[in-house]
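Spelled out from the first residue to the last, the chains are:
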Amino acid sequence: MSNPHDSGNERGFSPEPMPPVDGGGAGGIPRPKAIGSAFQASLASTAIASVATVVGVLLDREWLDRLVRQVLEDAGQRNGPAEVANATVMIQVFLGLGIVLFAALFVLFAVKMRVGRNWGRIVLTAFAALGVMNFLSAVASTGADLNLMWSLAEVAFAVTAVIYMFRPESSAYFAEHKKRRLARRGENRR
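Computed from a prediction, not measured in an experiment: that's the story for all the values here.

The rules we used
- Residues numbered from 1 in each chain as written.
- Predicted model: local features only at pLDDT ≥ 70, side-chain atom pairs only at ≥ 80, totals over all residues.
- Heavy atoms only, no water.
- Axes fitted to C-alpha atoms, helices over the stretch in contact; angles between N-to-C directions.
- Helix = DSSP H or I, 4+ residues; strand = E, 2+ residues; numbered from the N terminus.
- Left-handed = near helix turned anticlockwise from the far one by under 90°.
- Contact = heavy atoms within 4.5 Å.
- Nonpolar A, V, L, I, M, F, W, Y, C, P; charged D, E, K, R; others polar.
- Patch = residues over 30% accessible without salt bridge, like charges linked within 9 Å, V, L, I, M, F, W, Y side chains within 5 Å.
- Areas by Shrake-Rupley, 256 points an atom, 1.4 Å probe, with all protein chains shown as cover.
- Salt bridge = Lys/Arg side-chain N within 4 Å of Asp/Glu carboxyl O.
- Lys, Arg positive; Asp, Glu negative; His and termini not counted.
- Charge placed at Lys NZ, Arg CZ, Asp CG, Glu CD.
- Buried < 20%, exposed > 50% of the residue type's maximum accessible area, 1.4 Å probe, protein only.
- Core = buried A, V, L, I, M, F, W, Y, C linked by side-chain atoms within 4.5 Å.

Caption draft 1: Examining the packing of helix α4 (residues 118–142) against helix α5 (residues 149–165) more closely. Put simply, α4 and α5 touch, their axes get as near as 9 Å, and they point 145 degrees apart. In this structure, α4 crosses over α5, and the sense of that crossing is left-handed. Along the contact surface, α4 presents R121, L124, T125, A128, G131, V132 and F135, while α5 presents S151, L152, V155, A158, V159, V162 and M165. Along the lines of polarity and charge, the residues of the contact of α4 with α5 split into 10 nonpolar, three polar and one charged.

Caption draft 2: Inspection of a positive patch on the surface at higher detail. Residues K112, R117, R184 and R185 make up a contiguous surface patch of positive charge. Take R117: its relative accessible area is 30%, and that puts it in the partly exposed class.

Caption draft 3: Spatial organisation of the nonpolar core. Among the nonpolar cores identified, the biggest contains 17 residues, and I35, M113, L124 and M165 are the most heavily contacted of them. Counting residues per element, the ones that place at least two in this core are α1 (33–58), α3 (81–114), α4, α5 and α6 (168–188). What I35 contacts, discounting residues up to four positions off in sequence, is M113, R114, S170, Y173 and F174. By size, the runner-up hydrophobic cluster in this structure holds six residues, among which are L64, L72, A87 and I91.

If you want it as structure tokens, here you go:
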């Protein structure tokens, strides 16, 4: 009778090893775990930034009301209740589309980084550096404001992604992709 807890090794066979979960990037280059972690951290940073913008901008009725009234006044338009309501909806739609567009671009950059495109890594790094500078500037001007918690989380994930993207195994991954792309270009020119 077999024991369900028996591994089978006593009977002379050993189980087959599991295949790798991540089959690697394009062209059979094995993708390091650090690249997957960088990808996830980039997506988390993008998601937090998107949610923070929706909560901090689109749902802030007072800020929107001031913005709409100022825009209508600057344009020489009436700023009665009906005009303010219509303009508020229009601004919310445009801001919402902008948030979706920027989130999609950051996802594209992260996907390109994940498949070995160094320019994706560089763009994500540049935006992370910009985010850090904006965060530090906001902290210096407003102090440790509670509203900056969204920015802190966004920047923390972005910096984490940069750290993972520049680990030695990640740099080797990008270098191998570049080497293979250059080799393919050389073959196509012959």
